[in-house]
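# Close look at the chain arrangement
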Amino acid sequence: MVEYQLPKLRVAGSNPVARSILFGWPPPSAQAGRSGAACIPGQGMRITRVAPGSDAERAGIRIGDELLAVDGRTLEDAIDLTFALAWMHEREAVFELSRGGEPFSVTLPAAGPGELGFEVREAPVRTCGNSCVFCFVDQLPRGLRTSLYVKDEDYRLSFSYGNYITLTNLSDADYERIASQRLSPLYVSVHATDDAVRREMLGNEDAPPILESLRRLDHARIGVHAQAVLCPGINDGAVLEQTLSDLFALGELILSVAVVPVGLTAHRQTLTRIEAVSATAAGGALDTIERWQKRFLAEGRDRTVYAADELYLRARKALPPYDDYGDFPQLENGVGLLRSFEFDLNKRAGLLGDRLDPPLAVTVVTARLAEAFLADAIDRALGGVHGLTCRVVASDNSLLGPTITVAGLLSGADMVGALKRAPESDAFLLPAAAFNDDGVTLDGMDLSEIADGAGRENVVATHDIVRSVLDLTGGAVPDAATTNRAASDNTTRGREPRGRIPSEEGR
Ligand code: SF4
C-alpha cells in the first residue's frame, strides 16, 4: 500500500526533470490519451485507509471505495495520482470514485502532498518474461517470504523506486506514457550491448535490441542509469569494452553506469554454471572501467562509469577517493557505499566530543566483505574518543552461502550467531540494510527476535554509528533516534530495497 505523499517517490529526489512533477509539469494538456478515458468501476485503485478527521473522511470517502479519476483524468497507478495531486495544488479537484459498482464523485479542497487523508492499494506489479542466468531470485532458498520471489520488471517502479528493468516488456503505449509524463530517470539493466550476449544473459531470445530501446528513451529525453552485472567469460573483456563504448556514444542519455559483480549463492546447483568474479577478473574490469572514466572526463562529463565497491575489494585495490563518486548516482547499487559511510562517520564523529562519560562499549555487526574496511574506518574516526570502545564482529552468510559477503543480505539467524559471539558490550549495532521496510530480515526475523535469540539487550539497527551512540548516551541527537526500532532508515520505500535484496542486479 502506498500513502500518496510525493516525497515517498523518487520524483522528490535530486533529478530536476522528475522534480518538475511536483510543480505540475507537464501541464494537464500534455497528458495525451489519459484525459477523458472511460472511468470503469473495477479498474480503479482501492482505498485502503481513510484518516479520521481528514478531508477525505469529511467528503464521505470510505475504505473499500475505488478511486477512478481526478478532474476527469483516469488514474492507473501511483504515478498518475502523483500527477493529479500536483495539478490540484492550490485548488480544489473533483475525485471520481465508485462504491459497489456505483459511481459517485466528491470535491476535495486544495491539499499538499499527503494531506488528503487516504491511502490506496498499489497497482499490481508487472513481472518479467526473462530467465536471466544470474537471477538472484532463482538462487534463493525455499521458504522465505513470498515477496522475495517476485520478479518485478515494471518501469513505474524503476521511475519511482529505482528498480532496475531490462526494457523487454515495454509496449508502444508504455513508451508513449514514459515520454508524455517524462518518467525520468529510469534504471536499465544493459549488461551487454551485444544483443546475442545480452539475450543469452537474459535467457530471452525475444529481447529487443537494447540500443534501439535506449534510443527510444533518448528521443523522449529520458535519462538512464545503467548497470552491467559482470559475469566472467560472458560479458567482461571485449564485451564490456564494447558495452561501455556504445553507452558512451549515446551521450547525455546515459547518466551513470554501474558495473557490479554477479552474486552467486549456494542454491544454484540446477542453474547455469557461472564463474565467480575472481581477483583477476575484478582487476581486469576495473582497468576497463578506469580507462572509460578518463574518456568521459576528457569529454567534459563526469566519470559516469563506476565499479561496485565489491570489485575493488575483490581485486584488493584501494577504493577511489570520495570525490570521485560525484553525486553518488549508484549508491544503492553498492557503488561508493563504503566511501560514503566513511565520509559520514568522519563528519559526524565530532558530535561525540573527546570523551564519553560514562564509558560505552559497542559492537558493530557486519558481513565479511566490509569487515576490514569498517574496522579501520571506525578506528580512525572514533579511536580518539576516550571512553568509547567500538569493536567489529563479522558474520558469514549461512542462508545464502559463503560467497555472499554483503551486510545487507545477512539473515536474522546469522546476526543472532554474531551477537552470541560478540564480546560483552553495552550495545550492539546491526546493519540497517539487512532489514526491509517492515523491519524484518530475509529470513523474517525482526529486531526483538534477534535480540531475544541472542540474549542481548540494546540491539539497534542503524547505518549511523554516531547517531546511535548519541542516542544510547542521551546526547544531542540531530535526527530521529534509531534504538530498538525497525530499520526504516537507509531504505527505499514500499518495495524490497534494491541494495539489499536484489533480483535484477543479480547480486
Ligand atoms: S534478474 Fe531480473 S529480469 Fe532477470 S529473470 Fe531475474 S527478475 Fe527477471
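Residues numbered from 1 in each chain as written. Predicted model: local features only at pLDDT ≥ 70, side-chain atom pairs only at ≥ 80, totals over all residues.

## A word on the nonpolar core
Quick note on the threshold: Among buried residues, those of type Ala, Val, Leu, Ile, Met, Phe, Trp, Tyr and Cys that are joined through C-beta atoms within 7 Å form a set called a nonpolar core. In this scheme every C-beta is placed from the backbone, and a residue whose C-beta has 20 or more other C-beta atoms within 10 Å is buried, one with 12 or fewer is exposed, and one in between is partly exposed. An automatic or database domain assignment supplies the residue ranges for each domain. Our contact criterion uses C-beta atoms placed from the backbone: two residues qualify when those atoms are within 7 Å.
In terms of nonpolar packing, the biggest core is built from 78 residues, with Leu186, Val188, Leu230, Val257, Val259 and Ala285 touching the most fellow members. Formed jointly, this core draws a minimum of three residues from each of two domains, domain 1 (18-33 + 125-335) and domain 2 (45-120). Non-local contacts of valine 259, meaning those with residues more than four positions away in its chain, are made with Ala228, Leu230, Ala285, Ile289, Ala307, Ala308 and Leu311. Core analysis: the next-biggest nonpolar cluster, separate from the first, contains 55 residues, Leu313, Ala370, Ala381 and Ile404 among them.

## Comments concerning the pairing of strand E10 (residues 254-261)
Selection criterion: Strands here mean DSSP runs of E at least two residues long; helices mean DSSP runs of H or I at least four residues long; both are numbered from the N terminus. Here the rule is simple: two strands pair whenever DSSP picks up at least two bridges between them. For crossovers, right-handed means that the path from the first strand over the helix to the second runs clockwise, given strands pointing away from the viewer.
Most of E10 sits inside the fold, with seven of its eight residues counted as buried. Taken together, the seven bridges between strand E9 (residues 224-230) and E10 define a ladder with parallel strand orientation. Bridging from a neighbouring strand, histidine 225 pairs with serine 256 of E10. In this view, the connection linking E9 to its parallel neighbour E10 by way of helix H8 (residues 237-249) has right-handed handedness. Pairing between E10 and strand E11 (residues 305-307): three bridges, direction parallel. In the strand pairing of E11, valine 259 is matched with alanine 307. In this fold, E10 hands off to helix H9 (residues 279-298), which returns the chain to E11; that crossover is right-handed.

## Observations regarding the sheet that holds strand E13 (residues 386-395)
Backbone hydrogen bonds hold the strands of a sheet together, and the pairing may be parallel or antiparallel. Selection criterion: Angles run from 0 to 180 degrees between N-to-C directions of axes, and those axes are lines fitted to C-alpha atoms, restricted for helices to the stretch in contact.
Taken in spatial order, the four strands of this open sheet run E13-E12-E14-E15, and their pairing is parallel. A single partner strand is all that each edge strand has here, and the edge strands are E13 and strand E15 (459-462). Across the sheet, the mean angle from the axis of one strand to that of its neighbour is 25 degrees, orientation sign disregarded. As judged from the nine bridges shared by strand E12 (residues 355-367) and E13, these two strands associate in the parallel manner. Directly across from valine 364, in E13, lies its bridge partner valine 392.

## Side note on unusual backbone geometry
Most peptide bonds adopt trans geometry, and most residues besides glycine take a negative phi value. Here the bond from serine 184 into proline 185 is cis, since omega is 0 degrees, no more than 30 degrees from zero. With respect to the helices and strands, the residue proline 185 is situated in the loop between helix H5 (172-180) and strand E8 (186-189). In the segment running from aspartate 357 into proline 358, the intervening peptide bond is cis, with an omega of 5 degrees. Take proline 358: it is sitting in strand E12. The backbone of arginine 221 shows a phi angle near 60 degrees, a positive value even though the residue is not glycine. Since 12 C-beta atoms lie within 10 Å of it, arginine 221 is described here as exposed. Even without glycine at this site, arginine 316 takes up a positive phi of about 55 degrees. Relative to the helices and strands, arginine 316 resides in the loop between helix H10 (309-315) and helix H11 (337-349). Overall, the presence of 9 C-beta atoms within 10 Å leaves arginine 316 in the exposed class.

## Some points on the confidence of the model for the protein
Applicable threshold: Confidence scores here are pLDDT values: one per residue, from the predictor, ranging 0 to 100.
Predicted confidence across the protein gives a mean pLDDT of 84, with 84% of residues reaching 70 or more. The low-confidence segment residues 477-507, where pLDDT is below 50, has 99 contacts with residues more than four positions distant or belonging to other chains.

## Observations concerning H9
We apply this condition: One fewer than the residue count of a helix, multiplied by 1.5 Å, yields its expected span. Directions drawn from the helix axis to the C-beta atoms are what define this arc.
Between the first and last C-alpha of H9 there are 29 Å, a value that for 20 residues agrees with the 28 Å anticipated at 1.5 Å per step. For H9, the set of buried residues is Ala281, Ala282, Ala285, Ile289, Trp292 and Gln293. Within H9, the buried residues cover an arc of 115 degrees as seen down the axis, which keeps them to one side. Counted as exposed and oriented over 90 degrees from the buried face of H9: Thr280, Asp287, Arg291, Lys294 and Ala298. Buried-residue contacts for H9 involve E9, H8, E10, E11 and H10.

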